[in-house]
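Observations on the three-dimensional arrangement
Listed below, chain by chain, are the residues.
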Amino acid sequence: MAGSYPTSEELRTILGTDVGTYARVFVMIDALDEGRCEAWVLLLRDLRELSGIKILATSRDLGDIAAEFQKDRRLDIVADEDDLRQFIDERLSKSIWRLKRLLEANTDFCVEVLTGVMEKADGIIILPW
């Protein structure tokens with residue numbers, strides 16, 4: 001159906017068929033921690049059953065996810081607090097004019113927004129722009 005996502009079974013079939021035509025396949029899964037736990041566990045298990053697949057996944061360090069990758073190589077990447085603060089300051093300064101005016105008029109609010117975002121980020125920086 002147009003505009004819909006493939007089912008797990010359709011995804012398994014597609015990957016199983018197409019993966020066999022390549023010597024190596026690299027799969028990138030971003031933000032595992034933002035999906036439904038049971039869905040990504042099934043996807044990872046399906047991918048691991050296919051030979052020749054290398055998986056690169058990003059996620060926050062959560063227990064279930066860490067357990068799933070305990071035998072794999074891991075690289076912890078944490079945003080430096082100063083870099084994160086600079087990034088947020090820059091994005092806020094370029095935001096829409098109303099928000100910009102509000103922030104300029106109320107520095108306490110600006111500090112509150114900055115602090116709140118940094119606490120929620122927990123060392124992770126996301127660049128959607």
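Definitions and cut-offs
- Residues numbered from 1 in each chain as written.
- Predicted model: local features only at pLDDT ≥ 70, side-chain atom pairs only at ≥ 80, totals over all residues.
- Heavy atoms only, no water.
- Salt bridge = Lys/Arg side-chain N within 4 Å of Asp/Glu carboxyl O.
- Helix = DSSP H or I, 4+ residues; strand = E, 2+ residues; numbered from the N terminus.
- Buried < 20%, exposed > 50% of the residue type's maximum accessible area, 1.4 Å probe, protein only.
- 1 Å grid on protein atoms, 1.4 Å probe; cavity = no way out; pocket = protein on both sides within 12 Å on 5 of 7 lines; lining within 4 Å.
- Points joined across faces, edges and corners; volume = space filled by probe spheres on them.
- Core = buried A, V, L, I, M, F, W, Y, C linked by side-chain atoms within 4.5 Å.
- Expected span 1.5 Å × (residues − 1).
- Arc of directions from axis to C-beta.
- Polar contact = N/O pair within 3.5 Å; in protein donor to acceptor, adjacent residues only side chain to side chain.

Glancing now at the pattern of salt bridges. Inspection of the entire model under this criterion finds six salt bridges. In this structure, R48 engages E68 in a salt bridge whose closest nitrogen and oxygen atoms are separated by 3.3 Å. Of this pair, R48 sits in helix α2 (residues 37-49) while E68 sits in helix α3 (residues 63-68), and the two are 20 residues apart along the sequence. On the basis of relative accessibility, which here comes to 36%, the residue R48 falls in the partly exposed class. Judged by its relative accessible area of 18%, E68 is buried. R85 is the salt-bridge partner of E81, the closest N and O atoms lying 3.5 Å from each other.

Looking now at the layout of surface pockets. Looking at the second largest pocket, its volume works out to about 460 Å³. What lines the second largest pocket is a set of 19 residues, and nearest its centre among them are S8, L11, A39, W40 and L43. When residues of the lining of the second largest pocket are traced back to their parent elements, those giving at least two are α1 (8-19) and α2. A per-element tally of the lining of the second largest pocket places α2 first, with five residues.

On to the nonpolar core. Grouped together as the largest cluster of nonpolar side chains are 12 residues: V19, V25, V27, I29, L32, W40, V41, L44, L47, I53, I65 and F69. Put simply, the parts of the chain that give this core at least two residues each are β1 (25-29) and α2. Residues L84, L114, M118 and A121 belong to the second largest nonpolar core, which totals six residues.

If you check helix α4 (residues 81-93), its first and last C-alpha atoms are 18 Å apart, about what 13 residues at 1.5 Å a residue would give, namely 18 Å. Buried within α4 are the following residues: L84, I88 and L92. Viewed along the axis of α4, the buried residues span an arc of 65 degrees, placing them on a single side of the element. Exposed side of α4, more than 90 degrees from the buried face: D82 and Q86 are the residues found there. Capping the start of α4, D80 holds a side-chain oxygen 3.1 Å from the backbone nitrogen of D82, two or three residues further along.

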